[in-house]
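The residues making up each chain are set out below.
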Amino acid sequence: MNVREAVQTFDEAQPSPLEHGPSLIERAARTASVAAAEADGVDRDASFPHKAFEAAREQRLLGVMIPVEFGGFGASIHDVTDICYTLGRACASTAMIYAMHQTKVACIIRHGHGIPWMETMMRRVARDQWLLASSTTEGQNGGNIRASAAAVDHAGDTVSLVRDATVISYGAQADGLVTIARRATEAAASDQVLLALAKDDYSLKQTQGWETLGMRGTCSTGFELKVDCPADRVFPEAYDKIHAQTMTPFAHLCWSSTWAGIAAASVTRAQAFVRKAARNSGGQMPPAAAHFTAAKMSLAKLRALIAANLDAFARAEHDERALSSLDFQSSITLLKVQASELAVETVMHAMRTAGLAGYRNDGEFTMGRHLRDVLSSPIMINNDRILANAATATLMSGIPTSLRD
Ligand SMILES: Cc1cc2nc3c(=O)[nH]c(=O)nc-3n(C[C@H](O)[C@H](O)[C@H](O)COP(=O)(O)OP(=O)(O)OC[C@H]3O[C@@H](n4cnc5c(N)ncnc54)[C@H](O)[C@@H]3O)c2cc1C
């Protein structure tokens, strides 16, 4: 019996706790209303969205994807991205933190099944609603996450690691951390492993602050990360496989859904602006109403793009060959580029719909926070870097011969 069959058999045998409680969408909506109320303060003070995460924990949203056998809800990628979208409409930082956490959880679920420590992590995420942070960016290496400088040092049953972690979102607030590193001191930069750590396994010394234009509540401070822990924190599977099968698909789908949520929130404000303007002028459309149509069109494109990639991932999720195919990998990699560009375009159209009322930082139609937040999307693993790396693969992949290919 393979992993998928084992999980499915267990899931079928155990009723999901969701059958007797609120649905995931209800849980997400309750959390989103708390996040929305806190969003302006989180943005103003660059503070972690504590109330939103208290609500998320109450709703047991942090462990939704954990299989039922380990105490979670066994939620799908469709469920999780829907939650990211719902939270993104309320507070971008809350949604992005949630998106990053779920990406780490997905790695543990898929690549940690059958490994006692990783199963303990799954139980802690489900039972104690642990929040997991991510450390991929290192030193001056920017978004080049397929090369690591810091190496895992092995000594008997323990390992250690010292990492210049330039950016770790909510590092100070997290209960655990997932990080990449070189396999060993003599390994090449691209020969990487992934580690799943509990808070006791590492220490953080702050090296940089987080005073940014947007996404201020992610508290993505720089740290010196020092790890000293049992060797079972290291995933046996090589990181390149985890990266292709789980890290990239989950990150790109969850991030894109978060950005789509921000875009949708700005379109909602633009719609309210147009309606009010039309009411106040006897039904006459405001001069920039065409921007509202453009905003709705680009939001529709963005949602369709995410939906197509979600369906493609759900189809390929348990098929290693399909997951590693050039077409799937190109599509899921470029999703990040396209989704971020479309999200920025949507918010720009929404803001131009409302003119000064959208541009100003006060009033019911302000879109400053949405614009500042969404502008993080093209630079979060820079689109230029992704496009430069994708050039050869794009050239090699075929051009579809029919519309439904
Ligand atoms: C909101 C937010 C939260 C984040 N949270 C985390 C986190 O929790 N953990 C974590 O590890 N990281 C995190 N990051 C960092 C992120 O994942 C990237 O590592 C980071 O955004 C890359 O930053 P950079 O622009 O300095 O680096 P680079 O990728 O080096 O880009 C720098 C510049 O070089 C250019 N460039 C780079 N390579 C190429 C190329 N091949 N061709 C052309 N131009 C190129 C780019 O256009 C860009 O202008 C976060 C980032 C953001 C925005």
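Residues numbered from 1 in each chain as written. Predicted model: local features only at pLDDT ≥ 70, side-chain atom pairs only at ≥ 80, totals over all residues.

Student: Sorry, what's going on with the packing of helix α2 (residues 24-45) against helix α3 (residues 50-58) here?
Tutor: Relative placement of two packed helices is described by the angle separating their axes and the distance separating the axes. Direction vectors running N to C along α2 and α3 enclose 170°, while the axes themselves pass 8 Å from each other. Here α2 is positioned roughly antiparallel relative to α3, judged by the angle of their axes. Mapping the contact onto sequence places Arg 30, Thr 31, Val 34, Ala 35 and Glu 38 in α2 and Lys 51, Ala 52, Ala 55 and Ala 56 in α3. The residue makeup of the contact of α2 with α3, split by class, is 5 nonpolar, 1 polar and 3 charged. (Axes fitted to C-alpha atoms, helices over the stretch in contact; angles between N-to-C directions. Helix = DSSP H or I, 4+ residues; strand = E, 2+ residues; numbered from the N terminus. Parallel < 35°, antiparallel > 145°, perpendicular 65-115°, else oblique. Contact = placed C-beta atoms within 7 Å. Nonpolar A, V, L, I, M, F, W, Y, C, P; charged D, E, K, R; others polar.)

Student: For this particular structure, what's the right way to read the environment of Arg 30?
Tutor: Within the secondary structure, Arg 30 is located in helix α2. Residues Arg 30 and Ala 56, spaced 26 residues apart in sequence, show a C-alpha to C-alpha distance of 8.4 Å. Every residue in contact with Arg 30, bar those within four places of it in the chain, is listed here: Ala 55 and Gln 59.

Student: Teacher, can you tell me more about the environment of Gly 142 here?
Tutor: Here Gly 142 is to be found in the loop between β1 (132-135) and β2 (153-155). Separated by 240 residues in the primary sequence, Gly 142 and Asn 382 have C-alpha atoms spaced 8.5 Å apart. Each residue touching Gly 142, except ones within four places of it in the same chain, is listed here: Thr 137 and Asn 382.

Student: Would you mind going over the pairing of strand β5 (residues 192-198) with me for this structure?
Tutor: In summary, the side chains of a regular strand alternate between the two faces of the sheet. β5 sits mainly inside the fold: 6 of its 7 residues count as buried. Pairing geometry for strand β4 (residues 176-182) and β5, over 7 bridges, is antiparallel. Considered in β5, the bridge of Ala 181 is made with Val 193. (Buried ≥ 20, exposed ≤ 12 C-beta atoms within 10 Å, placed from the backbone. Pairing = 2+ DSSP bridges.)

Student: Looking at this structure, how should I read unusual backbone geometry?
Tutor: Only a minority of non-glycine residues have a phi that is not negative, and only a minority of peptide bonds are not trans. For Arg 60, which is not a glycine, the phi torsion comes out positive at approximately 60°. Position of Arg 60 relative to the elements: it lies in the loop between α3 and α4 (77-90). Residue classification places Arg 60 among the buried residues on the basis of 21 C-beta atoms within 10 Å. Positive phi outside glycine occurs at Met 215, with the angle close to 50°. Checked against the element boundaries, Met 215 lands in the loop between β6 (202-208) and β7 (221-230).

Student: Looking at this structure, I do not really get the domain arrangement of the chain. What am I missing?
Tutor: One frequently used descriptor of interface size is the decrease in accessible area upon assembly of the parts. With domains assigned, the chain is organised as domain 1 (3-130), domain 2 (135-233) and domain 3 (239-396). When each unit is reduced to the centre of its C-alpha atoms, the spacing between domain 2 and domain 3 is 28 Å. If you look at the interface, domain 2 gives 10 residues, while domain 3 gives 10 residues. With 3 residues, the single largest contributor to the side of domain 2 that touches domain 3 is β5. Of the residues that constitute the side of domain 2 that touches domain 3, the class distribution is 5 nonpolar, 4 polar and 1 charged. (Domains from an automatic or database assignment.)

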